[in-house]
Amino acid sequence: SMNKYFDFIGSCPQCNSSDSTYRFSVDQLGFNIDIVECCNCGILYKQYFPNSNLMNLIYSDSYTHFSNNNKSSNSLSIHKSRINRLGKPNNKHNRHLDYGCGSGAFISAAMDSGWDSYGCDPFLLDESLKGQLKNRLFKIDTNDQNIKLTLGEFDVISLWAVTEHMPDIVHTFSSLQELLKPGGRIIFNWPYGNSYSAKYSGSKWSMSVLLEHLTFATHKSIKNLADQINMTVDEVVINGSPYPFGIVKNLSLGDQGIDNIDQLDIDIDKYSSKDEVGKHNNALRVEPVKYLLKYLRLFLLSKKSDGILANFSRYIIRFLGIGDHMQVIL
């Protein structure tokens, strides 16, 4: 039954208002779950969130963000562009925290760029705590009363692909705001609930079908969040995958972020066969056009192109506002 995997969300996870309007619905493990827009703060949220049992299955050892072998040219290019967004560190202002850091790859890249970087993640795997970054990674949550004693204060706090996973948005952000030095900034991204992908293909949008993606931001919701934590919005940029590239054709459990189907008591016949689950990124399974796009993308992000074409394509996405993510600086 649905209760085995999901908890009903009766009010907005950002502002607690119970006044909302229907936007679209998504398939989650065979259940049809509505995504609604809060009439008060403007955020989009799923009316059912995965419960702790399901979350533990999702954030297992095989979870992609914990993987250390995710070192493709694509991810390196993303590190570079995200580090540029942090600004330039100097001797007085160089302390950086990456919240929801996964395996810590971004921290290593930021340190190479001159930042005094640290990371924390409430779901951190023990093996990450023993690696090269062992003195810089902390398995800690913003609910921890001692977080400031443990971590100190920072000039910049980043959250990459994290905010959409948060069940308790305002509390998390206000706790992070307390870790900022005077004049410090919080930089984060969030799937964009008013993107073309959300508006025209919401039920097939790769950001909405992932089980652990709970909320989707809008300009109105970002302003509301900033007001609630007494910060101001410095910048909002639309980036991410341009429509229709972030759309899922044939939904599999892998597309929903679940690989370990043996532990799930659901009817999997409606999805891809067992051996296909989790292989949705395998080029042999995708259509020729996607195959071509994959290599075009690798070329754009390769050393030979020196990232110029990649930066140009980011500029076009930003200029036209066709991406499916918002990048925000508070």
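The structure reproduced in this document is the subject of the present report. (Residues numbered from 1 in each chain as written. Predicted model: local features only at pLDDT ≥ 70, side-chain atom pairs only at ≥ 80, totals over all residues. Heavy atoms only, no water.)

Quick notes on the overall build of the protein
At step 1: Of regular secondary structure, the protein possesses eleven helices and 13 strands.
At step 2: A total of 330 residues make up the protein; the buried ones form 49% of that total.
At step 3: A fraction of 69% describes how many contacts in the protein between residues 6 or more apart in sequence connect residues 24 or more apart.
At step 4: For the protein, the accessible surface area stands at approximately 16,400 Å², while carbon and sulfur atoms represent 50% of it. (Helix = DSSP H or I, 4+ residues; strand = E, 2+ residues; numbered from the N terminus. Buried < 20%, exposed > 50% of the residue type's maximum accessible area, 1.4 Å probe, protein only. Contact = heavy atoms within 4.5 Å. Areas by Shrake-Rupley, 256 points an atom, 1.4 Å probe, with all protein chains shown as cover.)

A word on the sheet that holds strand β6 (residues 95-99)
At step 1: Reading across the sheet, the seven strands line up as β8-β7-β6-β9-β10-β13-β12 and stay open at both edges, with mixed pairing between neighbours. This sheet does not close on itself; its edge strands, each paired only once, are β8 (137-138) and β12 (235-239).
At step 2: Here five bridges tie β12 to strand β13 (residues 325-329), and the two strands are oriented antiparallel to one another. Each bridged residue has a counterpart across the sheet, and for N239 the counterpart in β13 is H325. (Pairing = 2+ DSSP bridges.)

Side note on helix α3 (residues 105-112)
The α-helix advances 3.6 residues per turn, and as a result positions three or four apart in sequence lie on the same side.
At step 1: Listing the buried residues of α3 in full gives F106, I107, A109 and A110. Mapping the buried residues of α3 onto a view down its axis gives an arc of 165°, with all of them on the same face.
At step 2: At the exit of α3 stands G114, carrying a positive phi of roughly 100°. (Arc of directions from axis to C-beta.)

Examining the packing of aromatic side chains
At step 1: Within this structure, the stated rule accounts for eleven aromatic pairs.
At step 2: Taken together, a centroid distance of 6.1 Å and an interplanar angle of 65° make the contact between F188 and W190 edge-to-face. Per residue, the accessibility class of F188 equals that of W190, and both read buried.
At step 3: Geometrically, the ring pair formed by Y196 and Y200 is stacked, given 6.0 Å between the ring centres and 20° between the ring planes. (Phe/Tyr/Trp six-rings, centres within 6.5 Å; stacked < 30°, edge-to-face > 60°.)

Observations concerning the side chain of H165
At step 1: One can find H165 in the loop between β9 (154-159) and α6 (169-177).
At step 2: At 3.4 Å, the side chain of H165 forms a polar contact with the backbone oxygen of A161. (Polar contact = N/O pair within 3.5 Å; in protein donor to acceptor, adjacent residues only side chain to side chain.)

Quick notes on the pattern of salt bridges
At step 1: Applying the stated rule across the entire model yields seven salt bridges.
At step 2: Ionic pairing is found between D116 and R95, a salt bridge with its closest N-O pair at 4.0 Å. One end of the pair, D116, is in strand β7 (residues 116-120); the other, R95, is in strand β6, with 21 residues separating them in the sequence.
At step 3: The buried category is assigned to R95, whose relative accessible area is 18%.
At step 4: With a shortest N-O distance of 3.3 Å, K148 and E153 are connected by a salt bridge.
At step 5: When its relative accessible area of 39% is taken as the criterion, K148 is described as partly exposed.
At step 6: By sharing partners, the salt bridges in this structure join R95, D116 and R136 into a single network. (Salt bridge = Lys/Arg side-chain N within 4 Å of Asp/Glu carboxyl O.)

Points about α6
At step 1: For α6, every residue scored as buried is listed here: I169, V170, T172, F173, S175 and L176.
At step 2: Turning to α6, the residues buried within the fold contact β6, β9, β10 (180-191), β11 (215-216) and α9 (219-228).

So, the environment of V170
At step 1: On the secondary structure map, V170 appears in helix α6.
At step 2: Through-space distance from the C-alpha of V170 to that of L225 is 6.8 Å; in sequence the pair is 55 residues apart.
At step 3: Those residues in contact with V170, other than ones at most four positions away along the chain, are Q14, L225, Q228 and I229.

Focus on unusual backbone geometry
At step 1: At the junction of Y243 and P244, the peptide bond is cis and its omega measures out at 5° in the coordinates.
At step 2: Within the element layout of this structure, P244 appears in the loop between β12 and α10 (288-300).
At step 3: Positive phi is not limited to glycine here, since N16 has a value of about 70°.
At step 4: Relative to the helices and strands, N16 resides in the loop between β1 (6-8) and β2 (20-28).

A look at the pairing of β7
At step 1: For β7, the buried fraction is high: four of the five residues fall into the buried class.
At step 2: With five bridges connecting them, β6 and β7 associate as parallel partners. Following the sheet pairing, Y99 is matched in β7 by C120.
At step 3: With respect to chirality, the unit in which β6 leads through α3 into the neighbouring parallel β7 is right-handed.
At step 4: Bridge count for β7 against β8 is two bridges, and the pairing is parallel. Paired with G119 across the bridge in β8 is L137. (Right-handed = clockwise from strand over helix to strand, strands pointing away.)

So, a nonpolar patch on the surface
At step 1: Where nonpolar side chains cluster on the molecular surface, the patch consists of F312, Y315, I316, F319 and L320 and spans about 550 Å² of accessible area.
At step 2: Take F312: it is sitting in helix α11 (residues 308-320). (Patch = residues over 30% accessible without salt bridge, like charges linked within 9 Å, V, L, I, M, F, W, Y side chains within 5 Å.)

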